[in-house]
Amino acid sequence: AATGIGAFTTLFYRPELDGVGFTTPKRVSTGLGLPIVAEFKANSDAGEVPVTVNTVVTSIVGYGQIALFGFGLLVVVLCLLHSDLRTAFLENPFYGLAKLTGMFFGN
């Protein structure tokens, strides 16, 4: 599941495209060089922001940053408190992660 979320995020998250687009139908027509055949008016009373792939991915990235920061903070605090965990991380970070996992899910 984590690999799928990570792949989805890396494929579709483009911060450089935030705020890029056409603001008025006239700008669409001039920008594309095509006439406007029909136009849909948005319901301004609803006040809802349309959900796009970019807004979903931006939310996922934000939650991922919070989770990664929390996990990093947890590792630092536990390394300060447990000398054997600190030694394991200094020997090999993967061994340190395995030892950390064993602290929570092991015997």
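Refer to the structure printed above.
If you're wondering where the values come from, they're calculated on a predicted model, not measured in any experiment.

Trainee: Can you walk me through the overall build of the protein chain in this structure?
Mentor: Within the protein chain one finds five helices and zero strands. Beginning at the N terminus, the succession of helices and strands in the protein chain can be written as α-α-α-α-α. Going through the 107 residues of the protein chain one by one, you find that 10% of them count as buried. Residue pairs at least 24 apart in sequence account for 43% of intrachain contacts in the protein chain once pairs closer than 6 positions are excluded.

Trainee: Just to check I follow, could you spell out the nonpolar core for this structure?
Mentor: In globular proteins that are soluble, nonpolar side chains generally tend to be buried together. Formed by Val75, Leu78, Cys79, Leu85, Phe89 and Leu100, the largest nonpolar core amounts to six residues. For this core, the secondary-structure elements that each account for two or more residues are α3 (53-81) and α4 (83-91). A total of three residues in this core trace back to one element, the largest contributor, which is α3. Those residues in contact with Val75 that sit more than four places away from it in its chain are Phe89 and Leu100.

Trainee: Honestly, helix α2 (residues 25-32) in this entry has me stumped. Any pointers?
Mentor: An α-helix turns once every 3.6 residues. As a result, residues three or four positions apart point the same way. Within α2, only zero of the eight residues are buried, leaving the element largely exposed. The first or second residue beyond α2 is Gly33, which carries a positive phi of 75 degrees.

Trainee: Help me understand the packing of α4 against helix α5 (residues 93-105), please; the structure alone is not making it clear to me.
Mentor: Two measures define how a pair of helices packs: the angle their axes make with one another and the distance between the axes. One can describe the packing of α4 onto α5 by two numbers: an axis separation of 5 Å at closest approach and a directional angle of 150 degrees. With respect to each other, α4 and α5 are oriented roughly antiparallel. The hand of the α4/α5 crossing is right-handed. Of α5, the residues touching α4 (which contributes Asp84, Leu85, Ala88, Phe89 and Glu91) are Pro93, Tyr95, Gly96, Leu97, Lys99, Leu100 and Met103. Of the residues in the contact of α4 with α5, the class split is eight nonpolar, one polar and three charged.

Trainee: I keep staring at a nonpolar patch on the surface and nothing clicks. Help me out?
Mentor: Together, Phe71, Leu74, Phe94, Leu97, Met103, Phe104 and Phe105 make up a nonpolar patch on the protein surface, roughly 770 Å² of accessible area in all. Listing elements by their share of the nonpolar patch, those giving two or more residues are α3 and α5. Turning to its location among the elements, Phe104 is positioned in helix α5. You can call Phe104 exposed: its relative accessible area is 51%.

What counts, and at which threshold
- Residues numbered from 1 in each chain as written.
- Predicted model: local features only at pLDDT ≥ 70, side-chain atom pairs only at ≥ 80, totals over all residues.
- Heavy atoms only, no water.
- Helix = DSSP H or I, 4+ residues; strand = E, 2+ residues; numbered from the N terminus.
- Buried < 20%, exposed > 50% of the residue type's maximum accessible area, 1.4 Å probe, protein only.
- Contact = heavy atoms within 4.5 Å.
- Core = buried A, V, L, I, M, F, W, Y, C linked by side-chain atoms within 4.5 Å.
- Axes fitted to C-alpha atoms, helices over the stretch in contact; angles between N-to-C directions.
- Parallel < 35°, antiparallel > 145°, perpendicular 65-115°, else oblique.
- Left-handed = near helix turned anticlockwise from the far one by under 90°.
- Nonpolar A, V, L, I, M, F, W, Y, C, P; charged D, E, K, R; others polar.
- Patch = residues over 30% accessible without salt bridge, like charges linked within 9 Å, V, L, I, M, F, W, Y side chains within 5 Å.
- Areas by Shrake-Rupley, 256 points an atom, 1.4 Å probe, with all protein chains shown as cover.
- Salt bridge = Lys/Arg side-chain N within 4 Å of Asp/Glu carboxyl O.

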